[in-house]
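# Reading the structure
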Amino acid sequence: MLKKHLRISIILSGTLTLIVGIAYPLLVTGIAQVFFPFQADGSLIVSNGQAVGSALIGQSFTNPEYFFGRPSATSPSYNAGASAGSNLGPLNPAYLRSVRDRMRALQLADSGNRASVPVDLVTASGSGLDPHISVAAALYQVPRVARLRDVPEDSLRALVNAHRPGRQMGFLGEERVNVLMLNLALDGVRTGPEDR
């Protein structure tokens with residue numbers, strides 16, 4: 001009797017392992033590769049034949065000639081393995097200090113900019129990996145990037161507006177700009193007096 005139950009248990013375990021552990025993952029992976037290959041492969045952005053990042057995970061841009069992304073609680077870089085918020089409340093002294101430090105860094109990068117700093121340029125997202133900034137945050141940075149790249153501000157505003165995908169399904173969320181995509185497009189903008 002014990003041998004019979006043991007044999008049934010081994011057969012069921014083996015069958016379920018084959019179905020749930022091998023067949024099902026292969027089926028789901030195959031369907032994803034056929035119908036959603038970009039997403040299934042990590043939503044990788046390729047430039048000049050090389051993967052430069054993911055459309056879903058932010059990157060740290062520190063060169064003032066580029067648009068800065070949203071700060072990450074996983075600093076110093078966007079570490080997907082450490083995805084999390086800081087869990088510091090809005091009145092926590094450490095949180096307030098980090099926001100003030102970020103404000104100071106933005107002001108140092110563009111001391112002539114007297115506009116109000118958009119909140120998403122000084123506060124991290126819940127995941128710490130947000131690849132987007134608000135349209136206001138992108139437009140706030142236009143004067144600095146234009147000055148450092150010797151490009152007309154109107155050209156950069158047009159570039160920002162060209163990278164506004166709109167709200168999800170036309171009504172969900174806020175309009176946003178993917179910083180990696182914007183910076184890749186920025187590298188394609190020529191500089192110099194001939195562009196003016």
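Refer to the structure printed above.
Structural notes, computed from the coordinates. Bear in mind that the values here come from a model prediction, so they are computed numbers and not experimental data.

## Overview of helix α6 (residues 179-187)
Restricting attention to buried positions, one finds in α6 the residues Val-179, Leu-180, Leu-182, Asn-183 and Leu-186. Buried positions in α6, seen along its axis, are confined to an arc of 160 degrees and lie on one side of it. Summarising the contacts, the buried residues of α6 are in contact with β1 (44-47), β2 (50-54), β3 (132-134), α4 (135-149), α5 (153-162) and β4 (176-178). Between the side-chain oxygen at the start of α6 and the backbone nitrogen of Leu-180 there is a gap of 3.1 Å, and the oxygen is on Asn-178.

## Side note on helix α3 (residues 93-109)
For an α-helix, 3.6 residues make a turn, and residues three or four places apart therefore share a direction. Taking 1.5 Å of rise per residue, 17 residues should cover 24 Å, and α3 covers 24 Å from first to last C-alpha, within 8% of that figure. Every buried residue of α3 is listed here: Tyr-95, Val-99 and Leu-106. Buried residues of α3, viewed axially, fall in a sector of 35 degrees; they line one side. Away from its buried face, by an angle of more than 90 degrees, α3 presents the exposed residues Pro-93 and Leu-108.

## Some words on the packing of α5 against α6
Taken N-terminus to C-terminus, the directions of α5 and α6 make an angle of 140 degrees; their axes are 10 Å apart at the nearest point. Our classification of the angle between α5 and α6 gives oblique. Taken as a pair, α5 and α6 cross one another with a handedness that is right-handed. Across from Leu-156, Leu-159 and Val-160 in α5, the residues of α6 making contact are Leu-182, Ala-185 and Leu-186.

## Comments concerning the environment of Ala-109
Summarising the element assignment, Ala-109 is placed in helix α3. Setting aside chain neighbours within four positions, we find Ala-109 in contact with Phe-68, Arg-144 and Arg-147.

## Quick word on the packing of α4 against α5
Relative orientation of the contacting elements α4 and α5 amounts to 145 degrees, with a least axis distance of 9 Å. The way α4 lies across α5 gives a crossing that is right-handed. Here Ala-138, Leu-139, Val-142, Pro-143, Val-145 and Ala-146 of α4 come into contact with α5, specifically with Glu-153, Leu-156, Arg-157 and Val-160. Of the residues belonging to the contact of α4 with α5, the class tally is eight nonpolar, no polar and two charged.

## Here we look at unusual backbone geometry
The backbone of Asn-48 sits at a positive phi, close to 55 degrees, despite the residue not being glycine. By secondary structure assignment, the location of Asn-48 is in the loop between β1 and β2. Residue classification places Asn-48 among the exposed positions, given a relative accessible area of 81%. With a phi close to 55 degrees, Asp-150 is a non-glycine residue in the positive phi region. Within the fold, Asp-150 resides in the loop between α4 and α5. Owing to a relative accessible area of 34%, Asp-150 belongs among the partly exposed residues under this scheme.

## Concerning the pattern of salt bridges
Oppositely charged side chains can pair when the atoms bearing their charge come close. Enumeration over the complete set of coordinates arrives at eight salt bridges. One salt bridge connects Glu-153 with Arg-157, and the closest N-O pair in it is separated by 2.7 Å. With Glu-153 and Arg-157 both in helix α5, this residue pair falls four residues apart, about one helical turn. Classification of Arg-157 by relative accessible area gives partly exposed; the value is 31%. Where Asp-154 meets Arg-157, a salt bridge forms, and the shortest distance between an N and an O atom there is 3.0 Å. Of this pair, Asp-154 and Arg-157 both sit in helix α5, separated by three residues, roughly a single helical turn. For Asp-154, a relative accessible area of 61% gives the class exposed. When salt bridges that share partners are traced, they join Glu-153, Asp-154 and Arg-157 into one network.

Conventions adopted
Residues numbered from 1 in each chain as written. Predicted model: local features only at pLDDT ≥ 70, side-chain atom pairs only at ≥ 80, totals over all residues. Heavy atoms only, no water. Buried < 20%, exposed > 50% of the residue type's maximum accessible area, 1.4 Å probe, protein only. Helix = DSSP H or I, 4+ residues; strand = E, 2+ residues; numbered from the N terminus. Arc of directions from axis to C-beta. Contact = heavy atoms within 4.5 Å. Polar contact = N/O pair within 3.5 Å; in protein donor to acceptor, adjacent residues only side chain to side chain. Expected span 1.5 Å × (residues − 1). Axes fitted to C-alpha atoms, helices over the stretch in contact; angles between N-to-C directions. Parallel < 35°, antiparallel > 145°, perpendicular 65-115°, else oblique. Left-handed = near helix turned anticlockwise from the far one by under 90°. Nonpolar A, V, L, I, M, F, W, Y, C, P; charged D, E, K, R; others polar. Salt bridge = Lys/Arg side-chain N within 4 Å of Asp/Glu carboxyl O.

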